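# Report on the structure
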Amino acid sequence: MLKTVSEALILAESELKDAFPEAKREGLYILGYALGWPITKLIAYPDYTLTEAEYSFFTSVLQRRKVGEPFAYIKKSKSFWDLELELDASVLIPRPETELLIETILSIDLSENAKLLDLGTGSGAIAISLAAHQPDWTISATDMSERALGVAKKNADNYQLQNIHFQLGNWYEGIVDKFDVIVSNPPYISPDSEYLKLGDVRFEPITALVSAKNGLADLEHIILNAPKHIKLDGYLLVEHGYDQSERVKELFSQAGFTDIQTLQDIQGLDRVTFGRYPSL
Ligand code: GLN
């Protein structure tokens, strides 16, 4: 039996209500995506009857969401900064809190033709935002996943960016240059964290989320090896867990950084630490 928009929304809400506190809103997103309509149009046309093809696509999307698949993977895209990025399940879904890294880098007084390195670029969110904003900067972006680099390159192509170089490798592997800025949003969740058992993260690549040593192993590697790859007076910025700032600051100081600062994300949680590698 064919359904109208309002009937489809009622169905979505009842299917999703056990799994999602915001079932009504999830339903609007799903139906809007299935029809290719903005949400305002769903509200304006409650009596529109879905065609058979529309209804069957809608129910297939609804079932995927019901078992928890992130909407960004279903839609294969996510907005970040002022971009719309293509995605698949080989990359972490960009988070709004990661925009703090972009804001901070753009607020530093860097030379016009600065060279930046983004470690573990994933979808390319950080590298592409920076490259698009500052066409005279040159960005190198690495990832150990060939599939992830494919996603990042596609995104860079979509924005016709020529100032990013992608390189396959684990963190600094294969990096010979020195940079004005090194930035990374590495995995930083502890392997035994309960957080991994809930919500969208269950569908994300574990290598982009989890790190040994209570979530600190990759941060430690990135911070302690940064001096070999950073220019004098250059900056290192990392994203980290809300409870990791003390340990991260210690690592920055152990590596020889000065002017070390932690910044809070939009929820008021410690999220980004940065420091300068001093010219003596
Ligand atoms: N920020 C991620 C999360 O909250 C954790 C992993 C990461 O971004 N590096 O799920």
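Residues numbered from 1 in each chain as written. Predicted model: local features only at pLDDT ≥ 70, side-chain atom pairs only at ≥ 80, totals over all residues. Heavy atoms only, no water.

This part takes up the overall build of the protein. When helices and strands are counted, the protein shows eleven helices and nine strands. Considered along the principal axes of its C-alpha atoms, the protein spans approximately 75 × 40 × 30 Å. When contacts within the protein are restricted to residue pairs at least 6 apart in sequence, those whose partners lie at least 24 apart make up 64%. When the accessible surface of the protein is split by element, carbon and sulfur atoms take 51% of a total near 13700 Å². Across the protein, the centroid of the 26 positively charged side chains sits 3 Å from that of the 41 negatively charged ones. (Helix = DSSP H or I, 4+ residues; strand = E, 2+ residues; numbered from the N terminus. Contact = heavy atoms within 4.5 Å. Areas by Shrake-Rupley, 256 points an atom, 1.4 Å probe, with all protein chains shown as cover. Lys, Arg positive; Asp, Glu negative; His and termini not counted. Charge placed at Lys NZ, Arg CZ, Asp CG, Glu CD.)

Attention now moves to the side chain of Ser77. Tracing the backbone shows Ser77 in strand β1 (residues 77-80). Since its relative accessible area comes to 14%, Ser77 is described here as buried. Side chain to side chain, Ser77 and Glu84 meet in a polar contact 3.0 Å long. Ignoring any residue separated from it by four or fewer positions in sequence, one finds Ser77 in contact with Ala72, Glu84, Leu85, Glu86 and Leu87. (Buried < 20%, exposed > 50% of the residue type's maximum accessible area, 1.4 Å probe, protein only. Polar contact = N/O pair within 3.5 Å; in protein donor to acceptor, adjacent residues only side chain to side chain.)

Looking now at the site of the ligand. Close contacts around the ligand come from Leu92, Arg95, Asn185, Pro186, Pro187, Tyr188, Ile189, Tyr195, Val201, Ala208, Leu209 and Glu239, and that covers them all. At a separation of 2.5 Å, a nitrogen atom of the ligand approaches a polar backbone atom of Pro186. Here Tyr195 contributes a side-chain N or O atom positioned 2.5 Å from an oxygen atom of the ligand. Relative to its unbound accessible area of 280 Å², the ligand is 94% covered by the protein chains. Residue composition of the shell around the ligand, grouped by class: nine nonpolar, one polar and two charged. (Near = heavy atom within 4 Å. Nonpolar A, V, L, I, M, F, W, Y, C, P; charged D, E, K, R; others polar.)

The seven strands are arranged β5-β4-β3-β6-β7-β9-β8 in an open sheet whose pairing can be described as mixed. Across the chains shown, the open sheet's two edge strands, defined by having one partner strand only, are β5 (164-168) and β8 (258-264). Shown here is a sheet whose adjacent strand axes are inclined to one another by a mean of 15 degrees, direction ignored. In the packing of helix α10 (residues 217-225) onto the sheet, contacts are made with β3 (115-119), β6 (179-184) and β7 (230-239), and the angle to β7 comes to roughly 170 degrees. (Pairing = 2+ DSSP bridges. Axes fitted to C-alpha atoms, helices over the stretch in contact; angles between N-to-C directions.)

The buried count for helix α7 (residues 125-133) comes to seven of nine residues, which makes it a mostly enclosed element. Turning to α7, its buried residues are Ala125, Ile126, Ala127, Ile128, Ser129, Leu130 and Ala131.

So, about helix α1 (residues 5-16). Between the first and last C-alpha of α1 there are 16 Å, a value that for twelve residues agrees with the 16 Å anticipated at 1.5 Å per step. Buried within α1 are the following residues: Val5, Ala8, Ala12 and Leu16. Here the buried residues of α1 occupy an arc of 60 degrees about the axis, which is enough to place them on one side. Structurally, α1 contributes buried residues whose contacts are with α2 (23-35), α3 (39-44) and α4 (52-66). (Expected span 1.5 Å × (residues − 1). Arc of directions from axis to C-beta.)

To continue, consider unusual backbone geometry. One can expect most non-glycine residues to show negative phi and most peptide bonds to be in trans. A positive phi is found at Trp81, a non-glycine position, where the angle reads about 55 degrees. Looking at the secondary structure, you find Trp81 in the loop between β1 and β2 (83-86). With a phi angle near 75 degrees, Asp233 is a residue other than glycine that sits in the positive phi range. Within the secondary structure layout, Asp233 lies in strand β7.

So, about the packing of aromatic side chains. A complete count under the given rule lists eight aromatic pairs for this structure. Judged by centre distance (5.0 Å) and plane angle (55 degrees), the ring pair of Trp37 and Tyr48 falls under tilted. Here the residue Trp37 occupies a position in the loop between α2 and α3, and Tyr48 occupies one in the loop between α3 and α4, the gap between them amounting to eleven residues. In this structure Trp37 comes out as buried when scored by relative accessible area, which is 13%. Tyr48 gets classed as partly exposed once you look at its relative accessible area, which sits at 29%. (Phe/Tyr/Trp six-rings, centres within 6.5 Å; stacked < 30°, edge-to-face > 60°.)

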